[in-house]
Amino acid sequence: MAEQLLEQVRDAVEGQMDFEGQRLAEMMTTVMLGAAGIVAFFVGFMTQDIKLSLYIGLAGTALTFLAVVPPWPFYNKNPEGWLPPHSAISGIQIEVDGKQVG
Amino acid sequence: MHSTLVRVQNVFGFFTTVAFTVAAVIALSTFIHPQFPSATVQLRNVQIVRGRPNYYSYKKEEYAHIKFSLDTDLSTLFNWNTKQVFLYLKAVYPPNKAGQPHSEAIIWDAILPAASAPWHQNHYIHPDPRKSQSKNSKAKNKVKAKGKAAGLDSPYKRGELHLSDSNPKYRITDISGKLQNRTDVRLELGWNVQPWVGALTWANKNKYGVWEALEGGESDKFDFPSIGGKKKADDLATEKGQEGHRLEVGGDQPIKRGS
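Residues numbered from 1 in each chain as written. Chains lettered and ligands numbered in written order. Predicted model: local features only at pLDDT ≥ 70, side-chain atom pairs only at ≥ 80, totals over all residues.

Colleague: Just checking my understanding: could you explain the sheet that holds strand E4 (residues 103–113) of chain B for this structure?
Modeller: All names here are of chain B. The sheet built from 4 strands is open, its strands ordered E4-E3-E6-E7 with antiparallel pairing. Only two strands of the sheet have a single partner each, and these edge strands are E4 and strand E7 (201–202). In terms of strand pairing, strand E6 (residues 186–195) meets E7 through 2 bridges, oriented antiparallel. The residue of E7 that forms the bridge with Asn192 is Trp202. (Pairing = 2+ DSSP bridges. Helix = DSSP H or I, 4+ residues; strand = E, 2+ residues; numbered from the N terminus.)

Encoded structure:
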């Protein structure tokens, strides 16, 4: 029971995502932060208000953290299937030092 | 990007890159903002008196008390990246011995805040023109309203100063202790533009791109007189400004003056 609970906690903290999810997260980081920077500069320049730039930049960064860091479900849409167990595959024999191990 | 910690590190790492890049672009953007500052500096009165550098000193030195009038239009120094402008008026005079550089001493200074700067007690408060000139009060009221509308402590718009016959903030002396009968002294206006991000810039004597050189900003040459008879103390007053807090000599606490 305690072990199961620990497992769940570890999963939540680690927040793993699949390979497609990782690619997506990388892309999201670049696009969102880049866009926040560009928008921050141009809006600030247009309104001649440097504080607005600062706040847009910080808000964009906060939003990026929120979107990328937690393992949202859409990052885990392409789970990698495990290989079937060895016993299910016939004809494969692994020998180590003359002894059969698999 | 497989785990939470790695993602936090990646996002923060790229955030620093973006922040630095935006800051660099902002710093560069000030160079496309046209500047055409102009100023007129005039000598009103100059007197030399003997005094001590401090109460306990046995050595007497000569001090120059320079009254001046100053009209500036530095409004173009204030762009979106300007935090404040430190404005100063210095007396420049040739050395006693040939081959040495000119001496420069600041007689008056002011901190002019930009709109984006938060209030600070040391920000310059422009003296009220109605107090010194009672005529033309209607016109002055109009400019006052203009300044107040912009949320300023000044009756004029940001960067505009009109001081007529102002006392200096500081009396100046020379390292030799001798100042009387010096010739070819002039007053020169200078400033630092302190940006939010980017480089500190000084008053420019030359044109750089869209930044015009300072127009005027220097007084005619004059001479320091010799020490005369008794001076009225009123003539030798220094102007501390209405900013309020200022560290006084001998005091460890800023003294609040006026309100």
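We are not done yet, so read on.
Colleague: When you look at the confidence of the model for chain A in this model, what are you seeing that I'm missing?
Modeller: Detailed reading of the predicted model is not advised wherever pLDDT is low. Per-residue pLDDT for chain A has a mean of 88; in total, 92% of the residues score no lower than 70. Looking over chain A, one finds the lowest element-wise mean pLDDT in strand E2 (residues 99–100) of chain A, namely 78, and the highest in helix H3 (residues 50–68) of chain A, namely 96. (pLDDT = per-residue confidence, 0-100.)

Colleague: Help me out: how do you make sense of the sheet that holds strand E1 (residues 38–51) of chain B in this one?
Modeller: In any sheet, the strands associate via hydrogen bonds between backbone groups, in a parallel or an antiparallel arrangement. All names here are of chain B. Strand order in the open sheet formed by 4 strands is E5-E2-E1-E8, with mixed pairing between adjacent strands. Each having just a single partner strand, strand E5 (160–166) and strand E8 (215–216) make up the two edges of the open sheet. Note: E1 against strand E2 (residues 61–73), 13 bridges, orientation antiparallel. Note that in E2 the partner of Ser38 across the bridge is Asp73.

Colleague: Can you help me understand the UniProt feature "transmembrane region" (unreviewed entry) in chain A in this one?
Modeller: Residues and elements named next belong to chain A. As annotated by UniProt and renumbered to match this structure, "transmembrane region" (unreviewed entry) occupies residues 27–45 and 52–75. For residues 27–45, the end-to-end C-alpha separation is 27 Å, with 100% helix and 0% strand making up the annotated structure. The span residues 52–75 is 71% helix and 0% strand, and its two end C-alpha atoms sit 32 Å from each other. (UniProt positions renumbered as here; feature names shortened; annotations may be inferred.)

Colleague: Explain the domain arrangement of chain B here, please?
Modeller: Interfaces are often sized by the amount of accessible area the parts lose when they come together. Residues and elements named next belong to chain B. Per the domain assignment, the segments making up chain B are domain 1 (1–32) and domain 2 (35–246). With 7 residues of domain 1 in contact, the opposing surface of domain 2 contributes 8 residues. Tallied by class, residues from the side of domain 1 that touches domain 2 come to 5 nonpolar, 2 polar and no charged. (Domains from an automatic or database assignment. Contact = placed C-beta atoms within 7 Å. Nonpolar A, V, L, I, M, F, W, Y, C, P; charged D, E, K, R; others polar.)

Colleague: Just to check I follow, could you spell out helix H1 (residues 2–14) of chain A for this structure?
Modeller: Count 3.6 residues to each turn of an α-helix, and residues three or four apart come out pointing the same way. All names here are of chain A. With 13 residues, H1 ought to run about 18 Å at 1.5 Å a step, and its terminal C-alpha atoms sit 18 Å apart, in line with that. Among the 13 residues that make up H1, 0 are buried, leaving the element largely open to the surroundings. Positioned one or two residues after H1, Gly15 has a phi angle of 55 degrees, which is positive. (Expected span 1.5 Å × (residues − 1). Buried ≥ 20, exposed ≤ 12 C-beta atoms within 10 Å, placed from the backbone.)

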